[in-house]
Amino acid sequence: MKKFVCTILVLALAVPLVFAGGAKQAKRKIVIYTSMYEDVIDAVKNDLSRQFPAYNIEFVYGGTGTLQARVAAEKSSGRLGCDILLVAEPSYSLELKESGMLHSYKSAHASSLAFDYDSGGFWYPVRVSNMVLAYNPERNAINTVPNSFRDFAYSTGVRGAVSMSNPLISGTAMATVSALRDKYGFEYFEALGRQNVMIDTGYIALAKLESGECKAAMILEELVLKKREEEQSRLEVIYPSDGTVMIPSTIMIINNRWSANRNTQAAEAIADWFLSVEGQNAIVSGWMHSVRTDFPRLPFDAMPTDEIRANSIPVNWEYCFRQGDEIQASFEEHVTHRR
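Attention here is on the structure that accompanies the text. Throughout this document, residue positions are counted from 1 along each chain, in the order its sequence is written. Thresholds applied to this predicted model are a pLDDT of at least 70 for local features of residues and 80 or more for the giving and counting of side-chain atom pairs; totals over whole chains, interfaces and linings are not thresholded and use all residues. Only hydrogens and water are removed before side-chain values are computed, so all heavy atoms of the structure are retained for them.

Formed by 104 residues in total, the largest nonpolar core has its most connected members in Leu85, Leu192 and Phe274. Strands are runs of DSSP state E lasting at least two residues, helices are runs of H or I lasting at least four, and both sets are numbered from the N terminus onward. With 8 residues, the single largest contributor to this core is strand β4 (residues 124-135). When sequence neighbours within four positions are dropped, the list of residues in contact with Leu192 reads Phe152, Ala153, Met164, Val197, Phe331 and Val335. Side-chain atoms within 4.5 Å are what join buried Ala, Val, Leu, Ile, Met, Phe, Trp, Tyr and Cys residues into a set we call a nonpolar core. The classification of residues rests on relative accessible area computed with a 1.4 Å probe and restricted to protein chains. Under 20% of the type maximum is buried, over 50% is exposed, and intermediate values are partly exposed. Contacts were defined at the residue level, with two residues in contact if any of their heavy atoms lie within 4.5 Å.

Here the focus is helix α10 (residues 264-275). Taking 1.5 Å of rise per residue, 12 residues should cover 16 Å, and α10 covers 16 Å from first to last C-alpha, within 8% of that figure. Turning to α10, its buried residues are Thr264, Ala266, Ala267, Ile270, Ala271, Trp273, Phe274 and Leu275. The span you would expect from a helix comes to 1.5 Å times its residue count less one.

Attention now moves to the side chain of Asn136. Among the secondary structure elements, Asn136 is positioned in the loop between β4 and α5 (149-154). At a separation of 2.9 Å, a polar atom in the side chain of Asn136 contacts the main-chain amide nitrogen of Glu138. Between N or O atoms, a polar contact is any pair within 3.5 Å; within protein, one atom must be a potential hydrogen donor and the other a potential acceptor, and residues adjacent in sequence are included only when both atoms are from side chains.

Salt bridges are defined by distance alone: a side-chain nitrogen of Lys or Arg within 4 Å of a carboxyl oxygen of Asp or Glu. Enumeration over the complete set of coordinates arrives at 15 salt bridges. Salt-bridge contacts for Lys97 lead to Asp118; the nearest nitrogen and oxygen are separated by 2.8 Å. In this pair, Lys97 sits in helix α4 (residues 90-98) while Asp118 sits in the loop between α4 and β4, placing the two residues 21 residues apart along the sequence. The exposure class of Lys97 is partly exposed, given its relative accessible area of 33%. Overall, the relative accessible area of 7% leaves Asp118 in the buried class. With a closest N to O distance of 2.8 Å, Glu231 and Lys227 form a salt bridge.

Here the focus is the environment of His109. Structurally, His109 can be placed in the loop between α4 and β4. C-alpha of His109 to C-alpha of Gly286: the two residues are 177 residues apart in sequence and 21 Å apart in space. Filtering out sequence-adjacent residues up to four positions away, His109 remains in contact with Asp272, Leu275, Ser276 and Arg292.

The way it works is a 1 Å grid over only the protein atoms, where trapped points that fit a 1.4 Å probe form a cavity and open points with protein on both sides within 12 Å along at least five of seven lines form a pocket, and then any residue with an atom within 4 Å of a point lines it. Grid points are joined across faces, edges and corners, and a volume is the space filled by probe spheres set on the points. Summed over all chains, the structure comprises 2 cavities of 30 Å³ or more. Contributions of two or more residues to the lining of the largest cavity are made by α2 (38-51) and α9 (221-231). Among the elements that line the lining of the largest cavity, the one with the most residues is α9, at 3 residues. The space that makes up the second largest cavity amounts to roughly 40 Å³. Top element by residues in the lining of the second largest cavity is strand β9 (residues 245-253). It accounts for 3 residues. Residue classes follow a fixed rule: Ala, Val, Leu, Ile, Met, Phe, Trp, Tyr, Cys and Pro count as nonpolar, while Asp, Glu, Lys and Arg count as charged, and any other residue, Gly among them, counts as polar. Broken down by class, the residue content of the lining of the second largest cavity amounts to 8 nonpolar, 2 polar and no charged.

Put into structure tokens, the structure is as follows:
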């Protein structure tokens, strides 16, 4: 009987130890909402899994407009479904900072960044996407297609045969039309409307360039570079003579009041990895430019970052944030409603 009682006591003491050990080994979850393309996410996820084996890092993909709608819907419930946001451009970061949803931290990599970041540590640039033009030299000569954003809208020789993304959905397209409005006025949207510009996703625009349906596309550099490297495509990037629109996409940590898993320490470590040389290597392997001053490598077949920056069209991120609805409404009136 004594032996039986002792066995029961040993088992009773062992049960909490088993559960305690299991809890100790359970992976903490971190959810990242991102507008990065899914093939890039897959590569980044593998690197992160090796770097942070104790965490279950889950990515949720969506265009910037989709993610903004998702965050707005979740905000009404009192908590978001993510811990980190990786979005297309800084204006949304300004909005979330103002709403009090972001966590402030001082990254050790801040001094190595080549692009602006929030002085309070609420957001940092993590990758640079460039809005450029592209064409198919197998179907059109370079002197017959637009070599500038201005010609893209005003050249009658390509009327009905140009394509771009929708700024009502795409954050990079929104940043681009905001910059072009600053440079050329709202008349630029009227010119796009008269041009009968096609509104397509980047991948559809690439297919139209290859088929010849489209002569020129306003498109992200990374999409063309990816196609050139992976498929040996002959499509070529045109860095517009009136300036490339450089778009430093941002990383933000949601504060404990709003975050899904309330683990800001882990989120800080992950954000720092993205800003590190190792993290930037994954970014550049995804055909985007590094945000660091000391990163030695360029995306495949890309123009040097400093050369692009030397002839770039600036984006007023504060204006893009404050007047975003006005910009989108004007674009919708003059461009999308005409199609």
